[in-house]
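# Architecture at a glance
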Amino acid sequence: MIWFAIAAGMCLSSAVLHLALGIARPAQTTHIVFAAAMAIIFPFQLVSAKFHGSASIEESIFYARLGVALAIAFMVVFTVFIRRYVSIDVPSWLTTAYLAASAAWLAYDLVAPHGLLFAAGPPSAFTRVPLGPLPVAWHAFNTLNVVWCVAAGWRAARHGRRSAIVISLGAMAFLVTVFVDLLRDVLGREWPFVGGFGVMFMTTVMSVELALDFRDNQRLLAKLLGDAMRVRDQLNTPLQIVRFDLELAAARGQLDPTALSRMQRAVDRLMRLGRSLRSASIEPLP
Amino acid sequence: VVVSTQTANGGRSGSSRAQTTVLFVDDDADLLGVVAEAFAVLGSARTVQAGSLTDVERRRDEVLSSALAILDINLGPNAPSGIDVYRWLERAHYAGKVVFLTGYADDDPAVRDAATIGHVPILRKPIPFETLAKLAAEIGGAP
């Protein structure tokens, strides 16, 4: 049980960390979505611990139902995260079908007398899942879901997104544990569900990668900001020259008044443009 | 580096000691030229132009006889700044009015340093022609 508690702690700390990274200005949705996925998987780990420590059939069904609901929510949010992270286009019919299937799994889990995991009947021994088409189909659905995540990450990596390799490898590790869970139910074994640990491993890998991404983005942002400020500051001396030269040309009657006023307006616009670039609220990294 | 003196009529001189001389220090040669022309149009007698602290030191007598010093704060990378020119003027007991000029924002380190010299105003580029006219009038250089 201690391992479930450790995994829960890691997921919670990861959720807090990525929420903090995500809501810092400018807000980064990818981090916020990842934090949401971690916030969902945190109670899942605790529920898994309670499930494996169930003292009655009723308790076992209750925690299985809760765990499945959290797992469905996690898979949806995690898939959204992968989609955002790798910026992949998904046909709207596929998105709709995926969400509808997930909603159907969730509805079944909440409504069915024994939940989704025990759809084929109540457990014979608290945590042994009777083999049935629905639980197997759900595990297969999850497996396909994670296969898609791995493939999406791999595709992004092949298109030059180095960090997507790490995300893909993390999802692959998760895939192995999801497959082990599928095997557990197919073989009717009682070993612990390990999908949660797969998530934990993936969390660690992705947290490191996202934190590195965040740092790189901060550096890039600070550099761009510095460049913009430099352009703004260095624009002022040429503008000063143009402004005085225009005034001098006007004083000497060398310029048509309409052209002069047009050029003065252009200079004023350039000045306003420069002044609109305010110094940043972002501290450059050392 | 541009070092020259321009008189109100556009001629050049190195020895005149008119009351209404303006020292203008900037590392941009074009700006030095256009400001000198502007002061000439405004009726200021002479403009002493300098691109660096070295130029200022070299023309010590002309510089110290000026009634107004307009000092660009940033005089190029790794070069003494307008603040260094100001310190030099202070040590030389400069009697004229001093004004800083800058195109940089308040968060620039040199601009921050200049702001600590409370009695010296800081003008922001690009300044309007009227500001030059006002400065010229203050030192009695306007017609």
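Residues numbered from 1 in each chain as written. Chains lettered and ligands numbered in written order. Predicted model: local features only at pLDDT ≥ 70, side-chain atom pairs only at ≥ 80, totals over all residues. Heavy atoms only, no water.

## Quick word on the environment of F81(A)
Residues and elements named next belong to chain A. As a reminder, the rule being used: Under the DSSP-based scheme used, a helix requires at least four consecutive residues in state H or I and a strand at least two consecutive residues in state E, with every element numbered from the N terminus. Relative accessibility decides the category of a residue: with a 1.4 Å probe and only protein chains considered, values under 20% of the type maximum give buried, values over 50% give exposed, and everything between is partly exposed. By definition, residues are in contact when any of their heavy atoms lie within 4.5 Å.
Mapped onto the secondary structure, F81 falls in helix α3 (residues 57-86). Among the residues examined, F81 registers a relative accessible area of 0% and is labelled buried. Measuring from C-alpha to C-alpha, the distance between F81 and A37 comes to 8.1 Å, with 44 residues separating the pair along the chain. Every residue in contact with F81, bar those within four places of it in the chain, is listed here: T30, V33, F34, I167, M206 and L210.

## Some words on the side chain of N145(A)
When you line up the elements, N145(A) lands in helix α5 (residues 133-158). Under the relative-accessibility criterion, N145(A) is labelled buried at 6%.

## Some points on helix α4 (residues 82-91) of chain B
Think of an α-helix as turning once every 3.6 residues; residues three or four places apart then point the same way. Residues and elements named next belong to chain B. Put simply, the test is: Polar contact is the term for a pair of N or O atoms within 3.5 Å; when the atoms are in protein, one must be able to donate a hydrogen and the other to accept it, and sequence-neighboring residues count only if both atoms are side-chain atoms.
Taken residue by residue, α4 has G82, I83, V85, Y86, W88 and L89 as its buried positions. Residues of α4 that are buried in the fold lie against β2 (21-25), α2 (53-58), α3 (60-64), β4 (68-72), β5 (97-102) and α5 (109-115). With a side-chain oxygen positioned 3.1 Å from the backbone nitrogen of I83, the residue opening α4 is S81. Within two residues after α4, H93 carries a phi angle of roughly 55 degrees, on the positive side.

## What to know about the layout of surface pockets
Residue and element names in this part refer to chain A. Using the following cut-off: Here the term cavity refers to a set of points on a 1 Å grid, laid over the protein atoms alone, in which a 1.4 Å probe fits but cannot get out; the term pocket refers to an open set having protein on both sides within 12 Å along at least five of seven lines, with lining residues being those that place an atom within 4 Å of a point. Grid points are joined across faces, edges and corners, and a volume is the space filled by probe spheres set on the points. Residue polarity is assigned by list, with Asp, Glu, Lys and Arg as charged and Ala, Val, Leu, Ile, Met, Phe, Trp, Tyr, Cys and Pro as nonpolar; anything else, Gly included, falls into the polar class.
Of the voids in this model, the largest pocket is the one considered here, and its volume is about 340 Å³. Around the largest pocket, the lining is made up of 14 residues, and of these T79, V90, L94, Y98 and W148 lie nearest the centre. Every element with two or more residues in the lining of the largest pocket is listed here: α3, α4 (92-111) and α5. When the residues that make up the lining of the largest pocket are grouped by side-chain class, the tally is nine nonpolar, three polar and two charged.

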